[in-house]
Amino acid sequence: MASLERYRKLYDLNGKVALVAGGAGGIGAAISEGLAAFGATVVVCGRTGAKAEAMASQINEAGGKAWGAQLDILDIPRTREFVGEVADRYGHIDIMVNSVGTLREAPAIDYSEEDWDYALDLNLKAAFFLSQAVARVQIPRGGGKHIHISSVRSMLGLPRRGYISYCASKGGMNMMIKHLATEWAKHNITVNGIAPTFVRTELVKSMLEDPNFYNPLVARIPLGRICDPLDLAGMAVYLAAPAADFITGQIIFADGGITASQ
């Protein structure tokens, strides 16, 4: 029915260009594939160029459209150059997803300045300057979408693990998201965050295979499981699509209900 077409278009990403930083990681790969599945051309970038290129090839072989390239977002001048190169190549950048992050674990009483600076620089400072670079391209072209991967630990501390820099940086990211959303709304740029609990990726595989860690973790989650990368891909597609045009400044907790119960 013709009257239903406007609803189908709510998730249509055809003609859109999405830059996914960290797009070859466990979370970023699922988001890259999800955006491509709904029609976006995906620029997969990451610190390891070979992984980004391999991810892009995988998407292309599956019938999507992607390009892979090396980018270390800690290098802020290079990030600005790269964003400009993407805009020149495709003419526009409609969607930016930041799936880059790090954790250096140690008790707060022993935490080193070096580890603190590295975590805050990557998780917060680089996240902002990536958004800034993309916004500078988007503002003259009428707007766009920004999605940052935060964490349930942006809201909840963790008494038995040394997550001080991670929690602090992701908490700062949440406030950054809210501020950018309000400041850039006049430019038709929406800025949102997705905050998962533990996600089933290779990065935390050894932790999840330890029953002494996994069982208490799942026991605290009302839905009785941890997050799957597909859960985050679906949320990213929603936030990137016209369906979420009126959603901005939000931190959506993909956590199985853990923040509702603590």
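The coordinates are above.
Criteria and cut-off values
Residues numbered from 1 in each chain as written. Predicted model: local features only at pLDDT ≥ 70, side-chain atom pairs only at ≥ 80, totals over all residues. Heavy atoms only, no water. Helix = DSSP H or I, 4+ residues; strand = E, 2+ residues; numbered from the N terminus. Rg over C-alpha atoms; globule rule 2.2 N^0.38 Å. Contact = heavy atoms within 4.5 Å. Areas by Shrake-Rupley, 256 points an atom, 1.4 Å probe, with all protein chains shown as cover. Lys, Arg positive; Asp, Glu negative; His and termini not counted. Charge placed at Lys NZ, Arg CZ, Asp CG, Glu CD. Pairing = 2+ DSSP bridges. Axes fitted to C-alpha atoms, helices over the stretch in contact; angles between N-to-C directions. Phe/Tyr/Trp six-rings, centres within 6.5 Å; stacked < 30°, edge-to-face > 60°. Buried < 20%, exposed > 50% of the residue type's maximum accessible area, 1.4 Å probe, protein only. Lys NZ or Arg CZ within 6 Å of the ring centre and 35° of its normal. Salt bridge = Lys/Arg side-chain N within 4 Å of Asp/Glu carboxyl O. Core = buried A, V, L, I, M, F, W, Y, C linked by side-chain atoms within 4.5 Å. Parallel < 35°, antiparallel > 145°, perpendicular 65-115°, else oblique. Left-handed = near helix turned anticlockwise from the far one by under 90°. Nonpolar A, V, L, I, M, F, W, Y, C, P; charged D, E, K, R; others polar.

Colleague: Give a detailed account of the overall build of the protein, specifying residues and quantitative values.
Modeller: Of the regular secondary structure elements, the protein holds nine helices and seven strands. The C-alpha radius of gyration computed for the protein amounts to 18 Å, which stays within 12% of the reference 18 Å derived for 262 residues, consistent with globular compactness. Considering only C-alpha atoms, the protein reaches an extent of 55 × 45 × 40 Å along its principal axes. In the protein, 72% of the contacts between residues at least 6 apart in sequence involve partners at least 24 apart. Of the roughly 12300 Å² of accessible surface on the protein, 54% is carried by carbon and sulfur atoms. The distance from the centre of the 25 positive side-chain charges to the centre of the 26 negative ones in the protein is 6 Å.

Colleague: I'd like a rundown of unusual backbone geometry, residues and numbers included.
Modeller: Positive phi, close to 65°, is recorded for asparagine 188, a residue that is not glycine. Along the chain, asparagine 188 turns up in the loop between α6 (164-184) and β6 (189-196).

Colleague: Give a detailed account of the sheet that holds strand β3 (residues 65-70), specifying residues and quantitative values.
Modeller: An order of β3-β2-β1-β4-β5-β6-β7 is seen for the seven strands of this open sheet, with the pairing classed as parallel. In this open sheet, the two strands that pair with only one neighbour each are β3 and β7 (251-254). Taking the axes of each pair of neighbouring strands and ignoring which way they run, one obtains an average angle of 15° across the sheet. One ladder, built from four bridges, connects β6 with β7; its direction is parallel. Directly across from glycine 193, in β7, lies its bridge partner isoleucine 251. Sheet contacts for helix α9 (residues 229-240): β4 (95-98), β5 (144-149), β6 and β7; angle to β6, the most-contacted strand, approximately 165°.

Colleague: Account for the packing of aromatic side chains, naming residues and giving values.
Modeller: Note on aromatic pairs: each is described by the distance of the centres and the angle between the planes. Across all of its chains, the model carries four aromatic pairs by this definition. Here tryptophan 67 and phenylalanine 82 contribute two aromatic rings whose centre-to-centre distance is 6.0 Å and whose plane-to-plane angle is 10°, an arrangement assigned as stacked. Of this pair, tryptophan 67 sits in strand β3 while phenylalanine 82 sits in helix α4 (residues 76-90); the two residues are 15 residues apart in sequence, bridging distant segments of the chain. By relative accessible area, tryptophan 67 is classed as partly exposed at 23%. Centroid distance phenylalanine 128 to phenylalanine 129: 4.8 Å. Interplanar angle 65°. Geometry classified as edge-to-face. Relative accessible area serves as the criterion here: at 24%, phenylalanine 128 is assigned to the partly exposed category. One cation-aromatic arrangement involves arginine 104 over tyrosine 118; the distance from NZ or CZ to the ring centre is 3.9 Å.

Colleague: Please set out the pattern of salt bridges residue by residue, giving values where relevant.
Modeller: Oppositely charged side chains may form a pair once their charged atoms are brought near each other. According to the stated counting rule, one finds seven salt bridges in the structure shown. A salt bridge links aspartate 115 to arginine 104, with the nearest nitrogen and oxygen atoms 3.0 Å apart. Of this pair, aspartate 115 sits in helix α5 (residues 113-138) while arginine 104 sits in the loop between β4 and α5; the two residues are eleven residues apart in sequence, bridging distant segments of the chain. Overall, the relative accessible area of 21% leaves aspartate 115 in the partly exposed class.

Colleague: Please set out the environment of isoleucine 258 residue by residue, giving values where relevant.
Modeller: If you trace the backbone, isoleucine 258 turns up in the segment after β7. For the pair isoleucine 258 and glycine 224, spaced 34 residues apart in the sequence, the C-alpha separation amounts to 9.8 Å. Contact partners of isoleucine 258, with chain neighbours within four places excluded, come to Val152, Arg220, Ile221 and Pro222.

Colleague: So, the nonpolar core: which residues are in play, and what are the values?
Modeller: One finds Ile31, Leu35, Val42, Val97, Ile194 and Leu232 to be the most contacted residues of the largest nonpolar core, which totals 31 residues. Secondary structure elements with two or more residues in this core: β1 (17-21), α2 (26-37), β2 (41-46), α3 (49-61), β4, β5 and α9. When neighbours within four sequence positions are excluded, valine 97 is seen to be in contact with Leu19, Val20, Ala21, Ile31, Leu35 and Ile147. If you look at the next biggest cluster of nonpolar residues, it comprises 21 residues, including Phe82, Val86, Ala133 and Val137.

Colleague: An account of the packing of α5 against α6 is needed here, citing residue identities and associated values.
Modeller: Here α5 crosses α6 at 15°, and the two axes come no closer than 8 Å. Comparing their axes, α6 and α5 come out roughly parallel. For the crossing formed where α5 meets α6, the hand is right-handed. Residue-level contacts link Trp116, Ala119, Leu120, Asn123, Leu124, Ala127, Phe128, Ser131, Gln132 and Ala135 of α5 to Ile164, Ser165, Tyr166, Ala168, Ser169, Lys170, Gly172, Met173, Met176, Leu180 and Trp184 of α6. Residues that form the contact of α5 with α6 fall into these classes: 14 nonpolar, six polar and one charged.

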